[in-house]
Amino acid sequence: IKVCISKNGGSDPVLSWLGVTGKESTTPDPDEKADKTSLNHAILMAEKMEKEQQENKCYTEESWAKVAKALEAAKEMAANKEADQAAVDEAFLNLVTACGTLENAPQKVGLKAAIEGVNAILADTENLSKYTEESVNAVRTALEEAIQVFNNDAADQGTINNATTKLLTAVN
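Please read these numbers as outputs of a predicted model, since none were measured by experiment.

1. Description of the overall build of the protein
Moving on, step 1. Within the protein, the regular secondary structure consists of seven helices and two strands.
Moving on, step 2. For the protein, the sequential pattern of α-helices and β-strands runs β-β-α-α-α-α-α-α-α.
Moving on, step 3. Each of the 172 residues in the protein was classed as buried or not, and the buried ones make up 31%.
Moving on, step 4. For the protein, contacts bridging at least 24 residues in sequence account for 70% of all contacts bridging at least 6.
Moving on, step 5. Of the roughly 11,300 Å² that the protein leaves accessible, carbon and sulfur atoms contribute 51%.

Below you can see the structure in the form of structure tokens.
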């Protein structure tokens, strides 16, 4: 079985895996332990994605919740010594499918950097005195608006980009 999962709207694979479960059998031998190699590799990949999510919030909360649920179930299946191959394969497919449905969250890295930069400019009172009061107030207003957008978890990418542009334009 070859599984290749890509992010919505993208062609780059998030997870690509080739799993071979061994001999085909319609009735698995209950004494035979299930092969969990593919499942364990998928868990490792999802755990790396989990770390990325914790650090950068790069996926939407809704889509990440599906992965978190599938990851937890996959870990439970991997730990279950009594699991049969069909259950292991199902946990594997559920996990890679959930990873494939991940949606990118709006990125605020550029806005954050612009906010930090403008805060540094406004903190330099000596150089700030070289600008008109009107231009400084325009920067402060744009900064306040940018901070509101940054703190708004519902802000879409267009709103974030506009706030960043408005802030950088006010500084120039």
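2. Comments concerning the environment of alanine 163
Moving on, step 1. Mapping alanine 163 onto the fold places it in helix H7 (residues 157–171).
Moving on, step 2. As a C-alpha pair, alanine 163 and alanine 114 span 49 residues in sequence and 9.7 Å in three-dimensional space.

3. Describing the pattern of salt bridges
Moving on, step 1. Tallying each qualifying case throughout the model produces two salt bridges.
Moving on, step 2. Measuring nitrogen to oxygen at the nearest pair gives 3.3 Å for the salt bridge that ties lysine 75 to glutamate 47. Of this pair, lysine 75 sits in helix H2 (residues 61–79) while glutamate 47 sits in helix H1 (residues 37–56), and the two are 28 residues apart along the sequence.
Moving on, step 3. With relative accessibility at 32%, the residue lysine 75 sits in the partly exposed group.
Moving on, step 4. Under the relative-accessibility criterion, glutamate 47 is labelled partly exposed at 29%.

4. Considering helix H3 (residues 85–100)
An α-helical turn contains 3.6 residues, so any two residues separated by three or four positions project in the same direction.
Moving on, step 1. Here H3 spans 22 Å end to end across 16 residues, near enough to the 22 Å set by a 1.5 Å rise per residue.
Moving on, step 2. Turning to H3, its buried residues number three or more, namely Gln85, Val88, Ala91, Phe92, Leu95, Val96, Ala98, Cys99 and Gly100.

5. A look at the packing of helix H4 (residues 109–123) against H7
Moving on, step 1. One can describe the packing of H4 onto H7 by two numbers: an axis separation of 9 Å at closest approach and a directional angle of 25 degrees. With respect to H7, the element H4 is oriented roughly parallel. By crossing handedness, the relation of H4 to H7 is classed as left-handed. Contacts from Gly110, Leu111, Ala114, Ile115, Val118 and Ile121 in H4 reach Ile160, Ala163, Thr164, Leu167, Leu168 and Val171 in H7.
Moving on, step 2. Along the lines of polarity and charge, the residues of the contact of H4 with H7 split into 10 nonpolar, two polar and no charged.

6. A word on the packing of aromatic side chains
Moving on, step 1. Within the structure shown, the criterion is met by one aromatic pair.
Moving on, step 2. Measuring from centroid to centroid gives 6.0 Å for tyrosine 59 and tryptophan 64, while their planes differ by 10 degrees, and the two rings are stacked. Grouping residues by exposure puts tyrosine 59 and tryptophan 64 together as buried.
Moving on, step 3. Note that lysine 108 overlies the ring of phenylalanine 150, its terminal NZ or CZ placed 5.6 Å from the centroid.

7. Topic: the side chain of lysine 36
Moving on, step 1. With respect to the secondary-structure elements, lysine 36 resides in the loop between strand S2 (13–18) and H1.
Moving on, step 2. The charged side chain of lysine 36 is buried without a salt bridge, its nearest counter-charge being glutamate 82 at 8.8 Å.
Moving on, step 3. Residue contacts for lysine 36: discarding those within four places in its chain leaves Met77, Ala78, Ala79, Asn80, Lys81, Ala83 and Val88.

8. Quick look at the nonpolar core
Moving on, step 1. Core analysis: the biggest nonpolar cluster contains 23 residues, and Leu39 and Leu95 have the highest contact counts within it.
Moving on, step 2. The set of elements that each furnish at least two residues to this core consists of H1, H2 and H3.
Moving on, step 3. Listed in part, the 16 residues of the second largest apolar core include Ile115, Leu143, Ile160 and Leu167.

Thresholds applied
Per chain, residues are indexed from 1 in the order of the written sequence. Residues qualify for local features only when their pLDDT is at least 70, as the model is predicted, and side-chain atom pairs are given and counted only at 80 or more; totals for whole chains, interfaces and linings, by contrast, use all residues. Excluding hydrogens and water, the side-chain figures rest on all heavy atoms present in the structure. Segments assigned H or I by DSSP are reported as helices when at least four residues long, segments assigned E as strands when at least two residues long, and all are numbered from the N terminus. Here's how the labels work: a residue is buried when its accessible area is under 20% of the maximum for its type, exposed when over 50%, partly exposed in between, all with a 1.4 Å probe on protein chains only. By definition, residues are in contact when any of their heavy atoms lie within 4.5 Å. Exposure was quantified through the Shrake-Rupley algorithm and a 1.4 Å probe, taking into account, for residues, occlusion by the shown protein chains and nothing else. Within this document, salt bridges are pairs made up of a side-chain nitrogen of Lys or Arg and a carboxyl oxygen of Asp or Glu, the two lying within 4 Å of each other. Between the first and last residue of a helix there are one fewer steps than residues, each counted as 1.5 Å, and that sum is the expected span. Angles run from 0 to 180 degrees between N-to-C directions of axes, and those axes are lines fitted to C-alpha atoms, restricted for helices to the stretch in contact. When describing relative orientation, an angle under 35 degrees is termed roughly parallel and one over 145 degrees roughly antiparallel, while 65 to 115 degrees is termed roughly perpendicular and anything else oblique. We call a crossing left-handed when the near helix sits turned anticlockwise from the far one by less than a right angle, and right-handed when that turn is clockwise. Each residue receives one of three labels: charged for Asp, Glu, Lys and Arg, nonpolar for Ala, Val, Leu, Ile, Met, Phe, Trp, Tyr, Cys and Pro, and polar for the others, Gly being one of them. Planes of paired rings set the category: under 30 degrees apart is stacked, over 60 is edge-to-face and the rest tilted, where pairs are Phe, Tyr or Trp rings (Trp by its six-membered ring) whose centres lie within 6.5 Å. Cation placement over rings: the criterion is NZ of Lys or CZ of Arg within 6 Å of the ring centroid and within 35° of the ring normal. None of His or the chain ends enter the tally, which takes Lys and Arg as positive and Asp and Glu as negative. For the purposes of this section, nonpolar cores are sets of buried Ala, Val, Leu, Ile, Met, Phe, Trp, Tyr and Cys residues that join through side-chain atoms within 4.5 Å.

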